[in-house]
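Overview (structure and organization)
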Amino acid sequence: MNRRIFLKSGLASAAAIGVASAPLAWSARSGRVRDHLFIAQPARLNLLGQDYPATDVWAFNNMIPGPVLRAQQGDTVRIKFRNRLSMMSTIHWHGIRLPNAMDGVPGITQPPVKPGEDFVYEFPLPDAGTFWYHPHVATYEQIGRGLFGTIVVEEKNPPDVDDDITWAISDVMLTRDATISPNFKSLHDAAHAGRLGNIVLVNGERGPNVLDVRAGQRIRLRILNAASARIFRLRFHGHQPLVVAHDGHPCTPYRLTDSFHFSPGNRIDLILDCTGAPNSSFEVEDEFFPAMRNKIALIKYSSRSPQAARKPFEGLEPNALYEPVLAGAETVKMVLEGGALSNKATREAIWLMNGKGNSHGSHMDTHGHHPDPLFVFDQGCTVRCLIDNRTAWFHPMHFHGVVFRERLPNGEWGPFKDSTLVWPFKTQEIAFVAESAGDWMIHCHVAEHQHSGLMGTFRVASLCKTPVVPKA
Ligand code: C2O
Ligand code: CU
Ligand code: CU
C-alpha cells in the first residue's frame, strides 16, 4: 500500500491524534477461518406457540432468526450462501467493516445470486460486537418472511457476566390462520411508515421473551431491531441498564433512565444488573405507539437469595475505528422528500434523495437504487453529512462501509453508529471517515422506503494506483 499518500489523508491524522491506529480492516486474513453453510429456503415454523397453526416462512437453515454467526474478533469467516428461494437474493453483513466485494449488494458489489445458485462470502472480522445479516434483494419481502440473523463477534477478553443473551426483535404481518400476508408491495405502506406487522417476535417467537435471572446477576443483553419497518421505543421497567455499545461499537457507558427509540438496523448492547428482589418480575415494553404497547420481555427473578453484586461495569474495550477529523472535512447535504402528505410524491417516485427517485421508475422493485453515486469522496477524507428530512416520516438512515458519529441534540458528537434515526422535518448531522474504496449504499432501513426511492450509493475513490484492497 502507498503509505505516503495515506499520510496526507485523514486516516493518518486520525492515528496522529491517537484515537485510531487501526490496521486496515481488510489488510490480511488473520485468526482462524470458520466455515458456514447458509441455505435460504422456504420452511414451516411455529411462530405463535403450540395453540396456533404453523406458518410458511423463508428462513436461513430452517430457523428464525437464522443461525447465530459467532466468531472471535480477528477471525475470518467463510460462508457458503445457497439460494433455494424462488427469487434472487444476496446476504449483506450489516455493520461489519469488510471489503466492498463482500458487502452483498446486488448490481453494485456482486451479481444477485439466482435461485439454485451458491455464492461464497469470505472476510475477516476486525471489530468485536453485535452485528447482523440479511438479504439485500427485495428486503421488504425477504426480511419480512424471516430471512435475518445475528452476528456475535466476541472480544478477545469478554467481560465478566453471568449470561450473554441476544434478543432479535422483529414483527410479522399474519392473517387469522397464521399465514404471512402476501401484500408486500402495498403502495400505502411504502408511502407511510412501511409495513408494520401485527405480531412482534423476539428470537422468532411471539413476545414477551422470558428472561430467567437470579437477583444480583449481571447479564449482557444484545438487542437487534430486525423488523422491516417498525421503530420500537423500549422501556425497561424497574431497571436502569447500562448502555455499553451502539451498533456493535463500544461507547462510554451511560445509564438508561428513560425509554429510547430503537430503529430497524440498530443494535444496542446493555449490561443489566439484576437489582430486583427474588420472585419479582419486570416487563420490557415497546411504547412507540402508547395506545398499542408490545411486550418484548419479562425479566423473571427466581426465589434464590441474591448473589454477590459485582463492581461497577467500566465499559468494553473500544474497536479501533477511524476518528472523523472535522477540520477541513468535506460537507455534503442529503435532502429527503416525498411520502404521504407531501406534494413531491408520485406513484413512480414516492420518495426522493437529492431530487432523485429510484432507478426503475416504480416502487418496490427488487434492487431499487439510483444508477449514479450521490457523492464521491476521496479515500481517507472526513465527511460531514447533513441529512435533511423534509418529510412527515421517520427515516432510520443506514450507511454501508463506514461507521459514523451522529451529532446529538446538545451539539456534541455521539457514539459511533451505522444507522441514525432522522425525525420528521429535522436535520441530522453525521461525520465519518471514508475508509474503504468502493461504491457503498446509503438507504433508509425501513425496507419499503428503501425500495421506493430512499436508496443510493456513495463512492469512495481510492487514492492509490496499486489497489488498497489486496487479496488476502
Ligand atoms: Cu441492514 Cu443495506 O442494510
Ligand atoms: Cu448494512
Ligand atoms: Cu424511511
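**Considerations on the packing of aromatic side chains**
Under the defined criterion, the tally for this structure stands at 22 aromatic pairs. Ring geometry for Trp 167 and Phe 236: centres 6.4 Å apart, planes at 15°, overall stacked. With a gap of 69 residues between them, Trp 167 in strand S9 (residues 163-172) and Phe 236 in strand S14 (residues 232-236) connect regions that are remote in the sequence. Assessed through its relative accessible area of 9%, Phe 236 is described here as buried. Centroid distance Phe 394 to Trp 423: 4.9 Å. Interplanar angle 65°. Geometry classified as edge-to-face. Of the two residues, Phe 394 is situated in the loop between strand S24 (382-389) and strand S25 (395-399) and Trp 423 in the loop between strand S28 (419-422) and strand S29 (427-433); the sequence distance between them amounts to 29 residues. Looking at Trp 423, the relative accessible area reads 38%, which means it is partly exposed.

**Focus: the coordination of the copper ion (ligand 2)**
For a metal with four tetrahedral donors the ideal donor-metal-donor angle is 109.5 degrees, while six octahedral donors give ideal angles of 90 or 180 degrees. Around the copper ion (ligand 2), the protein supplies His 92 (NE2) and His 398 (NE2) as donor atoms, at distances of 1.9 Å. Within this pair, whereas His 92 is found in strand S5 (residues 92-94), its partner His 398 is found in strand S25, the two being separated by 306 residues in sequence. With respect to class, His 92 is no different from His 398; both count as buried.

**Some remarks on the coordination of the copper ion (ligand 3)**
Those donors, His 395 (ND1), Cys 444 (SG) and His 449 (ND1), are the protein atoms that reach the copper ion (ligand 3), and they lie 2.0 to 2.1 Å from it. Considered as a linear motif, the donors of the copper ion (ligand 3) on their single chain read H-x48-C-x4-H. Highlighted residues: His 395 in strand S25 and His 449 in helix H5 (residues 447-450), separated in sequence by 54 residues. Among the residues examined, His 395 registers a relative accessible area of 0% and is labelled buried.

**Overview of the sheet that holds S5**
Strand order in this open sheet of 4 strands is S3-S8-S7-S5, and the pairing throughout is mixed. Looking along the sheet, the strands with just one partner apiece sit at the ends: strand S3 (69-72) and S5. Shown here is a sheet whose adjacent strand axes are inclined to one another by a mean of 25°, direction ignored. For strand S7 (residues 129-134) and strand S8 (residues 149-154), the ladder comprises 5 bridges, and the chain directions are antiparallel. Following the sheet pairing, Phe 131 is matched in S8 by Ile 151.

**Some remarks on the pairing of strand S4 (residues 76-83)**
Direction of pairing for strand S1 (residues 33-45) relative to S4: parallel, over a ladder of 8 bridges. By the bridge assignment for S4, Leu 37 is matched with Lys 80. Across 7 bridges, S4 lies against strand S6 (residues 118-124) in antiparallel orientation. Opposite Arg 78, over in S6, you have Glu 122 as the bridge partner.

**Notes on the sheet that holds strand S30 (residues 438-444)**
Across the sheet, which stays open at both edges, the 5 strands sit in the order S23-S31-S30-S25-S28 with mixed pairing between neighbours. Of all the strands in the sheet, the pair left with one neighbour each is strand S23 (375-378) and S28. Shown here is a sheet whose adjacent strand axes are inclined to one another by a mean of 25°, direction ignored. In the sheet, S25 pairs with S30 via 3 bridges, with the strands oriented antiparallel. Counterpart to Phe 399 in the pairing with S30 is Ile 442.

So, how was this worked out
- Residues numbered from 1 in each chain as written.
- Chains lettered and ligands numbered in written order.
- Predicted model: local features only at pLDDT ≥ 70, side-chain atom pairs only at ≥ 80, totals over all residues.
- Heavy atoms only, no water.
- Phe/Tyr/Trp six-rings, centres within 6.5 Å; stacked < 30°, edge-to-face > 60°.
- Helix = DSSP H or I, 4+ residues; strand = E, 2+ residues; numbered from the N terminus.
- Buried < 20%, exposed > 50% of the residue type's maximum accessible area, 1.4 Å probe, protein only.
- Donors = N, O, S within 2.8 Å, 3.2 Å for Na, K, Ca; no water.
- Pairing = 2+ DSSP bridges.
- Axes fitted to C-alpha atoms, helices over the stretch in contact; angles between N-to-C directions.

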